[in-house]
Amino acid sequence: MKENKELLEVKNLGITFFTDQGALPAVQEVDFKIYEGETLGVVGESGCGKSMTALSLMQLIPTPPGKITSGEIIYKGEDLLKKSQDEIQQIRGKEISMIFQEPMTSLNPVITVGKQIMESILIHDEVSKEDASRRALEMIKLVGIPMPEKVFASYPHQLSGGMRQRIMIAMALSCQPSLLICDEPTTALDVTIQAQILRLINKMKHEMNSSVLLITHDMGVISEMADNVIVMYAGKIVEYTAVKNLFKNPLHPYTLGLMASIPDIDSDDEEELEVIPGSVPMLYELPKGCFFAPRCKYAKEICHNECPSMIDKGENHLVRCWKYDKEHGKEWEDE
Amino acid sequence: MGSYLVKRVLQAIGVILCISIITFFVLNIVPGNPVRIMLGEFADEATIARVTAEMGLDQPIIVQYFNWLKNMLMGDFGVSYFQNKPVLDILVTSFLITAKLAGIAYLLSIVLGVVVGVVAAVNRGKWIDSFLMTLSVFGISAPSFWIAIILQIFICLKLNLLPLSGISSVSSFILPGIALGTRYAASVARITRTSMLEVLSQDYIRTAQAKGLKKWAVIIKHAFRNALIPVITIAGSELGSILTGSVLIESIFQIPGIGKMLVDSINTRDLPIVQGGVMYIAVICVIMYLVVDILYTFVDPRITLGKESES
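Residues numbered from 1 in each chain as written. Chains lettered and ligands numbered in written order. Predicted model: local features only at pLDDT ≥ 70, side-chain atom pairs only at ≥ 80, totals over all residues. Heavy atoms only, no water.

### Points about the interface of chain A and chain B
Taken together, the contact between chain A and chain B spans 26 residues of the former and 21 residues of the latter. Approximately 2,200 Å² of surface area, both sides summed, lies buried where chain A meets chain B, with 56% of it carried by carbon and sulfur atoms. The largest per-residue losses of area from chain A upon contact with chain B belong to Val110, Glu119 and His157 of chain A, which jointly make up 29% of the total buried on that side. For the pair chain A and chain B, the interface holds 3 salt bridges. Residue Glu119 of chain A pairs with Lys221 of chain B through a salt bridge whose shortest N-O separation is 3.2 Å. Listing elements by their share of the side of chain A that touches chain B, those giving two or more residues are α2 (85–91), α3 (113–124) and α6 (161–173) of chain A. Looking at the side of chain A that touches chain B, the element that brings in the most residues is α3 of chain A, giving 5 residues. In the side of chain A that touches chain B, the residues fall into 12 nonpolar, 10 polar and 4 charged. (Contact = heavy atoms within 4.5 Å. Buried area = accessible area lost by both parts, 1.4 Å probe. Salt bridge = Lys/Arg side-chain N within 4 Å of Asp/Glu carboxyl O. Helix = DSSP H or I, 4+ residues; strand = E, 2+ residues; numbered from the N terminus. Nonpolar A, V, L, I, M, F, W, Y, C, P; charged D, E, K, R; others polar.)

### Some remarks on the domain arrangement of chain B
Residue and element names in this part refer to chain B. The domain boundaries assigned to chain B delineate domain 1 (2–73) and domain 2 (96–299). One C-alpha centre belongs to domain 1, the other to domain 2, and the line joining them spans 34 Å. Listed by partner, the interface residues are 20 residues for domain 1 and 14 residues for domain 2. Approximately 1,400 Å² of surface area, both sides summed, lies buried where domain 1 meets domain 2, with 75% of it carried by carbon and sulfur atoms. When the buried area of domain 1 at its contact with domain 2 is split by residue, Arg8, Ile16 and Leu27 rank highest and sum to 34% of it. Summed over the shared surface of domain 1 and domain 2, the result is 1 salt bridge. Those elements that place two or more of their residues in the side of domain 1 that touches domain 2 are α1 (2–29), α2 (34–39) and α4 (61–73). Looking at which element gives the most residues to the side of domain 1 that touches domain 2, the answer is α1, with 13 residues. Residue composition of the side of domain 1 that touches domain 2, by class: 15 nonpolar, 4 polar and 1 charged. (Domains from an automatic or database assignment.)

### Examining the sheet that holds strand β11 (residues 311–312) of chain A
Residues and elements named next belong to chain A. With mixed pairing, 8 strands are arranged side by side in an open sheet as β6-β7-β8-β3-β9-β10-β12-β11. At either end of the open sheet lies a strand with only one pairing partner, and these are β6 (96–99) and β11. Sheet analysis places strand β7 (residues 179–183) next to strand β8 (residues 211–216), joined by 5 bridges and oriented parallel. Looking at β8, one finds that Leu179 is bridged to Ser211. With respect to the sheet, α6 is in contact with β6 and β7, its orientation differing from that of β6 by roughly 175 degrees. Lying over the sheet, helix α10 (residues 253–260) contacts β9 (228–233) and β10 (236–242), oriented at roughly 105 degrees with respect to β9. (Pairing = 2+ DSSP bridges. Axes fitted to C-alpha atoms, helices over the stretch in contact; angles between N-to-C directions.)

### Thoughts on unusual backbone geometry
Residues and elements named next belong to chain A. The backbone phi angle of Asn12 is positive, close to 50 degrees, even though this residue is not glycine. Among the structural elements, Asn12 can be located in strand β1 (residues 6–19). The exposure class assigned to Asn12 is partly exposed, which follows from its relative accessible area of 39%. Its identity as a non-glycine residue notwithstanding, Glu315 has a phi of 50 degrees, on the positive side. The topology assignment puts Glu315 in the loop between β11 and β12 (318–319). Given the relative accessible area of 67%, Glu315 is considered exposed. (Buried < 20%, exposed > 50% of the residue type's maximum accessible area, 1.4 Å probe, protein only.)

### Re the environment of Asn305 of chain A
Residue and element names in this part refer to chain A. For Asn305, the location among the structural elements is in helix α11 (residues 301–305). Overall, Asn305 belongs to the partly exposed group, its relative accessible area being 37%. Once the C-alpha coordinates of Asn305 and Gly162 are considered, the two residues, 143 residues apart in sequence, prove to be 47 Å apart. Contact partners of Asn305, with chain neighbours within four places excluded, come to Lys288 and Gly289.

### Considering helix α3 (residues 45–54) of chain B
Residue and element names in this part refer to chain B. Taken residue by residue, α3 has Ile48, Val51 and Thr52 as its buried positions. For α3, the buried positions fall inside an angular range of 105 degrees around the axis, keeping them on one side. Structural note: α3 exposes Ala46 and Glu54 on the side pointing more than 90 degrees away from its buried face. The inward-facing, buried residues of α3 contact α2. Sitting at the head of α3, Asp44 places a side-chain oxygen 3.2 Å from the backbone nitrogen of Ala46. (Arc of directions from axis to C-beta. Polar contact = N/O pair within 3.5 Å; in protein donor to acceptor, adjacent residues only side chain to side chain.)

### Quick look at the nonpolar core
Of all hydrophobic cores here, the largest spans 75 residues; its most connected members are Leu8, Phe32, Ile167, Ile169, Leu179, Ile181 and Leu213 of chain A. Among the elements that line this core, the one with the most residues is α6 of chain A, at 7 residues. With residues up to four places along the chain from it excluded, the contact list for Leu8 of chain A reads Phe32, Lys33, Ile34, Leu57, Ile73, Ile74, Tyr75 and Leu179 of chain A. Counting 41 residues, the second-largest nonpolar core is a separate cluster that includes Tyr65, Ile90, Ile97 and Met288 of chain B. (Core = buried A, V, L, I, M, F, W, Y, C linked by side-chain atoms within 4.5 Å.)

### Points about the packing of aromatic side chains
Considering all chains together, one arrives at 11 aromatic pairs over all chains under this definition. With a centroid separation of 4.6 Å and 55 degrees between ring planes, the pair formed by Tyr233 of chain A and Tyr254 of chain A is classed as tilted. Of this pair, Tyr233 of chain A sits in strand β9 while Tyr254 of chain A sits in helix α10; the two residues are 21 residues apart in sequence, bridging distant segments of the chain. Judged by relative accessible area, Tyr254 of chain A falls into the buried class, the value being 0%. Grouped by ring-pair contacts, the aromatic residues Phe24, Phe25, Tyr65, Phe66 and Trp68 of chain B constitute a single cluster. Its guanidinium or amino end placed over the ring of Phe291 of chain A, Lys236 of chain A lies 4.6 Å from that ring's centre, counting from NZ or CZ. The aromatic ring of Tyr298 of chain A is capped on one face by Lys323 of chain A, whose charged end is 4.1 Å from the ring centroid. (Phe/Tyr/Trp six-rings, centres within 6.5 Å; stacked < 30°, edge-to-face > 60°. Lys NZ or Arg CZ within 6 Å of the ring centre and 35° of its normal.)

Put into structure tokens, the structure is as follows:
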């Protein structure tokens, strides 16, 4: 992993949803660090807690029913969870910004996009309206939108999905945040636009010298963009390492499954695409032991009874699996 | 937008013309001779025939309709059979009185309704939401005449704060305004709450929060305007019905407004007033719907007048 200056550290984060079905643990025991200039990817299936983890950094979890029930979020040396609402509002959009999955619905339909970008600037910087509008226009140019003046005065419904996502990026970066959270920024876009948007995020990241937390379920996106990767399953991190390690030497059976389910264009036509049997457990019926055990072909008795903690396999490769435990790992050695 | 407006205004005129035809013919089919009622039971046949001819009531009904329409276009709504005054004067006098009552009731319903609706939505699920919504169910279900009587008993008779009835001063309109406006306020509150709740769950609200906007700035700048469309719809039709008068409230508080005047005229078969009154109501309603349609376009740029939105 890169050893730049540490920007953000999440320690033992837990998010619980209090519903009619009881207290549901959406995110548990999540630890990670983001360094300056780093892109940290988070992968996992829908509902594995990726988005909730991201939203918790800005304290935007829908409350009620959601609540951060444990942990610390240390940003530039201070715990965000101890800050007041006012202090958090000053960090949102200024220090940490976010781009959402749905550009079609993430912009206010009754305000021109120019004004929406200006708003971000006016909240955080003491500038005149003219300056804010000039900066908003610059941002629109910067994210590569043709005819910026015209787009500035347009309403979101007059723009395409890709354009809107560019506007979202312009808005998120208008105050030069240190951390940009991208929650599946390309999922809702056409394939041809996806690459453009990813390239733009990368370019802007370098220009603004920001760090990026990139959430996706697309392994291809991760391999292109990320420095380090977190693999999440049912609210817990199951593997955390550098992107090269992950693709060269995936350790967790879930990650192996994910890798095997990527279609390979060079493979024989005969070869069937692998699938991970079963589905992600619902939060109200989480298994007692390792959450992945019911779907895991390597699972042994211990896996069904006890959940392992993160095990350091060296080279900053962390994995949550009994197979790699010093003591219990022996059970697998014969295979 | 200009050509659309012209089209809409022409449509409105068409609607008003249709209403004028229906009103005129239906009222003239109803049996009973107004001249006979006007002159009383002791009038002889010759007098009745003379007066009928004088008023043009002996002509074919089609001719009568066109005469009425032609005169109305020139501002002459005819003369009341019984009050011997021009219908237009009577309508204007009652309208000015109803307008005061309607103004107070409407102001109350919109301001109170919107504030209650927004506060309830923002505090969804908390005690204040339950309290306000219970209150609004009460406001919708309580008949306005009952609220009127309760107000009269407590505010006028027990506390002696405001006049019991009549139109002697502006303060006389406060109680009837409250009695009339309560129900409308309650329905505006419920619509506002529902609409706000829908908007507050939208993605762009989260975007606004993620920008670092303060809670109330998000609610007012981003949520409220998006929640306005249903509120405008109901507010427009409410203004229409408030302006056409409330017989119950006007009777209880002895206010000679449009509602009371119309009912009195129907009872005495004072056809010119009834016809004029119905035309007034039609025009008010048609105008309100036109205004509402135009307001939509100001509130939501996705709604464009006359052509499909270009998305």
